Amino acid sequence: MPSTPSSAPGSAPDRRVGVRAWVALWVFLATLGAGAAGAQPIFDQDRIDLTGQQNLTLGAGARAYGMGGAFLARADDATAASWNPAGLSYLRSPEVSLVGNHNSFREEGFETDTFVGSSFDFAAFTWPVAFKDVQGSIQLSYQRAIGFDGTRAIDFGDGRRTDGESNGGFDVLAFGTGFRPTRRLRVGFTVNRWLNGYQQDLVRQVPGHPRPLREFETDFRPRGWSFNLGAIWSPIDTLNLGLVYKTPFGADVTMSKKRKDTWESDSSFETETYNAATSDEVSIDFPESVGFGISWRLKDTLTVSADFTQSRWSRAWIYNYFPLPPTPRRTDPSEPPTPPPPDVFDELPYPTLVAEQVDSQQIRAGVEWVVISSPRVKIPLRAGYFNDRQITAYPDGRVPRYNGVTVGTGLILGSLLLDVAYLLEFGSEVVNVPIPGDDAGATVPVQFSLRTQRVFASVIYRFDRRP
C-alpha cells in the first residue's frame, strides 16, 4: 500500500498511466474532498505519463506492429531482440536496422487531453556467427522503450489549462544473441542497460486563483540493468511456439524539480516565488513480463500469429518520490519567503502514484501475406488486432480494456527492406464516479473516450557479404 509522506503533509501528486483520463478525474475529485484537511490541490503538480506504453514485452519495428504486435514466435528480422531474442538466430547476413515512430492521442471526459510527438524507436547492427554446427548472430541495439518526446495540452473547459513539452525517454542499450542449438529449437538472450530519461516543462493556467500561473520543470533519469530470455520451438517446420521472459529490475533515479508560481499582482510584495529540489534517493521497481506466442506459416507467402503477454505492474513501485510545494509569498517586507521542503513519499505505486495497480495483459493477433512480384521484389500486406487490459481499475472496480487494430505494408528490394505500419487504439466507457462529500453515496455518470494513433517506419539493409 502507498505510504504517507515522510516530511511535510501533502497528498499524492497528480500522475496517470498513459491516456487514462478517469484516473485524473477520480483523484481530482478525491483531492477536492480532502481539501479541508490541508491536501495540496491535484492541479498543482507536474504530470508525466507512460502514454499507453505499459508493457515491457512490447518491442519495435513496423513489420511487427503491422501484424498487431503478434511477433513473439515470428521474430525473424533485426528487431527480434526487442521481442524475442531467440529470433536473432534467423539472421544469416550482417544488417543494419533503423525505426522511427509518430504518436498522437486524444481523450475526452472530465478534461480534454491531447498529445503529439515523434521520436526514433530502434537502431541495431547485427552480425551472424557460427560455432561448428551451431548458427546464430549477435547484435548491439538501442531502443527507446518508453518515449516522452512531444507536446501536450490539457484543457478542463473552465479556463484551467496545461501546456507542456517533454523530450527524451527510457532508453535501452542492449547486447543480444540468438542461436539454433538443434533443428527444432532456437534460444537467445539480451543484457539491457536502461539509461537516459526525460525532461519536461509545463505551463499551467488557473484563472481566479491567487496563483493563476504555475511553471514546472522536471528532470527524471533512471539507470538499471535487466535481461530478456527467449526460446522458439518448431515442432514442425511451419509452426513456431515462442516464449519470452523479461526480468524485473530496480532502477536508481536522479530526479530534479523546479517550479515558479506567479501570484496576483500586489505592488507591496513579490509576484513570483520559486522552489527547487534534487534527489538521488529515488528508485523504481519495474515489473517482470512473460509472453507466449504461436506463429503458423500456412504457406510460403501467408503467416498468422497470436500472442499473450502479462506484466506484473501490481509489483511496480517508486520509492522516495516527492512533489514540490509552492513557496508562499513574502508576508514581511524585511524577510524573504522560505521555500518549503518537498513532500517525500516512502513508497507509491508506479507509475500511477495514486492507486493500487493490477497486472496488465495483452492479447494480440496478426496476419502477413507476401505478394511476390519477382525474385528480388516483394510486397507484404499485414493486419492485426489487439486487446489490452489496463493496470488500474475504475472507481466501480471494473478493470478497463481497450481494443486496437493495425495495418501495414512494405517493399523488399533485394537487400533493402522498407516497412510502414499504422496503429489505432480506441475505447469508450461510462463510469459512475462518487460525488465527494455526499454521505448518501450518490454518483455522477461520466463518459470517457480514447483514441490513440501511432505510425511506424522501418528501414533494414542486409549486406550481401556473408561471414
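In every chain, residue numbers begin from 1 and rise along the written sequence. Given that this is a predicted model, residues contribute local features only at a pLDDT of at least 70 and side-chain atom pairs are listed and counted only at 80 or more, while totals for whole chains, interfaces and linings are drawn from all residues. Side-chain numbers come from the whole structure's heavy atoms, not from hydrogens or water.

Visitor: Account for the overall build of the protein, with residues named and values stated.
Guide: Of the regular secondary structure elements, the protein holds three helices and 19 strands. In the protein, buried positions account for 51% of the 467 residues. Contacts in the protein between residues far apart in sequence, at least 24 positions, make up 69% of those at least 6 positions apart. Reported accessibility uses the Shrake-Rupley method at a 1.4 Å probe radius. Residues are deemed covered only where the shown protein chains occlude them. Counting only carbon and sulfur atoms, one obtains 60% of the accessible surface of the protein, whose full area is about 19300 Å². Numbering of helices and strands starts at the N terminus; helices are DSSP runs of H or I of at least 4 residues and strands are runs of E of at least 2. When a residue's accessible area, from a 1.4 Å probe over protein chains only, is under 20% of the maximum for its type it is buried; when over 50% it is exposed; and in between it is partly exposed. In this description, contact between two residues means that some pair of their heavy atoms is separated by no more than 4.5 Å.

Visitor: Talk me through the pairing of strand β19 (residues 443-462); I want residue IDs and the actual numbers.
Guide: Strands were regarded as paired on the criterion that DSSP finds at least two bridges between them. Looking at chain direction, strand β1 (residues 95-108) and β19 are connected through 14 bridges and run antiparallel. Bridge pairing in β19 links N101 to F456. Relative to β19, strand β18 (residues 416-434) is paired through 19 bridges, and the arrangement is antiparallel. Counted as the bridge partner of S428 is S449 from β19.

Visitor: Now, about the packing of aromatic side chains: what can you tell me, with residues and values included?
Guide: Pairing of aromatic side chains here covers Phe, Tyr and the six-membered ring of Trp, requires ring centres within 6.5 Å, and sorts the geometry by plane angle: under 30 degrees stacked, over 60 edge-to-face, intermediate tilted. Tallied over the full model, the rule gives 17 aromatic pairs. Each ring, one from Y65 and one from F456, has its centre 4.2 Å from the other, and the planes form 5°; the classification is stacked. Of this pair, Y65 sits in helix α2 (residues 62-66) while F456 sits in strand β19; the two residues are 391 residues apart in sequence, bridging distant segments of the chain. For the pair formed by Y65 and F456, the shared burial category is buried. Look at F120 and Y142: their rings are 5.8 Å apart centre to centre, the planes differ by 25°, and that puts the pair in the stacked class. With F120 in strand β2 (residues 112-131) and Y142 in strand β3 (residues 134-147), this residue pair connects regions lying 22 residues apart in the sequence. With relative accessibility at 31%, the residue F120 sits in the partly exposed group. A relative accessible area of 25% places Y142 in the partly exposed class.

Visitor: An account of the environment of P212 is requested, with residue identities and associated values reported.
Guide: Looking at where P212 falls in the secondary structure, it is placed in the loop between β6 (185-205) and β7 (213-236). Note: C-alpha distance between P212 and E264 (52 residues apart in sequence) is 7.0 Å. Contact partners of P212, with chain neighbours within four places excluded, come to R204, Q205, V206, T262, W263 and E264.

Visitor: Any details on the nonpolar core? Residues and values, ideally.
Guide: Among the nonpolar cores identified, the biggest contains 27 residues, and F170, F220, M255, I284, F286, I318 and Y350 are the most heavily contacted of them. Within the residue set of this core, elements represented by two or more residues are β5 (161-180), β6, β9 (249-262), β10 (272-286), β13 (317-321) and β14 (345-349). We call a set of buried Ala, Val, Leu, Ile, Met, Phe, Trp, Tyr and Cys residues a nonpolar core when their side-chain atoms join them within 4.5 Å. By size, the runner-up hydrophobic cluster in this structure holds 17 residues, among which are L58, A81, V244 and L423.

Visitor: If you had to explain the pairing of β9 to someone new, which residues and values would you point to?
Guide: Alignment of β7 against β9, held across 12 bridges, turns out to be antiparallel. Bridge pairing in β9 links E215 to K260. The sheet contact formed by β9 and β10 spans 13 bridges and is antiparallel. Along β10, the bridge assignment pairs K258 with A276.

Visitor: Provide a residue-level description of a nonpolar patch on the surface, including the pertinent values.
Guide: A cluster of nonpolar side chains, V96, L98, F125, L418, V459, Y461 and F463, forms an exposed patch at the surface whose accessible area comes to about 560 Å². Listing elements by their share of the nonpolar patch, those giving two or more residues are β1 and β19. In this fold, V96 is placed in strand β1. Patch building starts from residues that exceed 30% relative accessible area and form no salt bridge, then joins like charges within 9 Å and nonpolar side chains (Val, Leu, Ile, Met, Phe, Trp, Tyr) within 5 Å. The working definition used for a salt bridge is a side-chain nitrogen of Lys or Arg within 4 Å of a carboxyl oxygen of Asp or Glu.

Visitor: Break down unusual backbone geometry for me, citing the residues and quoting the values.
Guide: Residue P351 is reached from Y350 by a cis peptide bond, and omega for that bond is 10°. Topologically, P351 is positioned in the loop between β14 and β15 (360-374).

Visitor: Hey, could you go over the environment of R161 for me, with residue numbers and the actual values?
Guide: Following the sequence through the fold, R161 ends up in strand β5. Between the alpha carbons of R161 and V203 there is a distance of 8.3 Å; along the sequence they are 42 residues apart. At 3.0 Å, the side chain of R161 forms a polar contact with the side chain of D163. Whenever two N or O atoms come within 3.5 Å, that pair is a polar contact, provided that in protein one can donate a hydrogen and the other can accept it, and provided that, for residues adjacent in sequence, both atoms are side-chain atoms.

Visitor: So what's going on with the pattern of salt bridges? Which residues, and what values?
Guide: This model, assessed by the stated rule, comprises 24 salt bridges. Where E272 meets K260, a salt bridge forms, and the shortest distance between an N and an O atom there is 3.8 Å. Here K260 lies in strand β9 and E272 lies in strand β10, a separation of 12 residues in the sequence. For E288, the salt bridge goes to R312, with nearest N and O atoms at 3.7 Å. One end of the pair, E288, is in the loop between β10 and β11 (289-299); the other, R312, is in the loop between β12 (302-311) and β13, and 24 residues separate them in sequence.

Visitor: Describe the environment of F456, naming the residues involved and giving the relevant values.
Guide: For F456, a relative accessible area of 1% corresponds to the buried category. Put simply, F456 and F120 are 336 residues apart on the chain and 9.6 Å apart in space, counted from C-alpha to C-alpha.

Visitor: Go over the confidence of the model for the protein, please, and point to the residues and values.
Guide: Scored from 0 to 100, pLDDT reflects the predictor's confidence in each residue. In this model, the protein carries a mean pLDDT of 84, and residues with pLDDT of at least 70 account for 85%. In the model of the protein, helix α1 (residues 21-33) stands out as the element of lowest mean pLDDT, 35, in contrast to strand β8 (residues 239-246), which has the highest, 97. Under a pLDDT of 50 for its full length, residues 6-42 has, in the predicted model, 110 contacts with residues more than four places off or in other chains.

Visitor: Report on the side chain of T126, specifying residues and quantitative values.
Guide: Relative to the assigned elements, T126 resides in strand β2. Looking at T126, its side chain comes within polar contact range of the side chain of Q139, at 2.8 Å. The residues contacting T126, other than those within four sequence positions of it, are A78, L91, S93, P94, E95, S137, I138 and Q139.

Visitor: Now, about the side chain of R382: what can you tell me, with residues and values included?
Guide: Within the fold, R382 resides in strand β16 (residues 377-389). Judged by relative accessible area, R382 falls into the buried class, the value being 6%. Residues in contact with R382, not counting those within four places in the same chain, are R63, G66, M67, V367, E368, T406, V407, G408, T409, G410 and D419.

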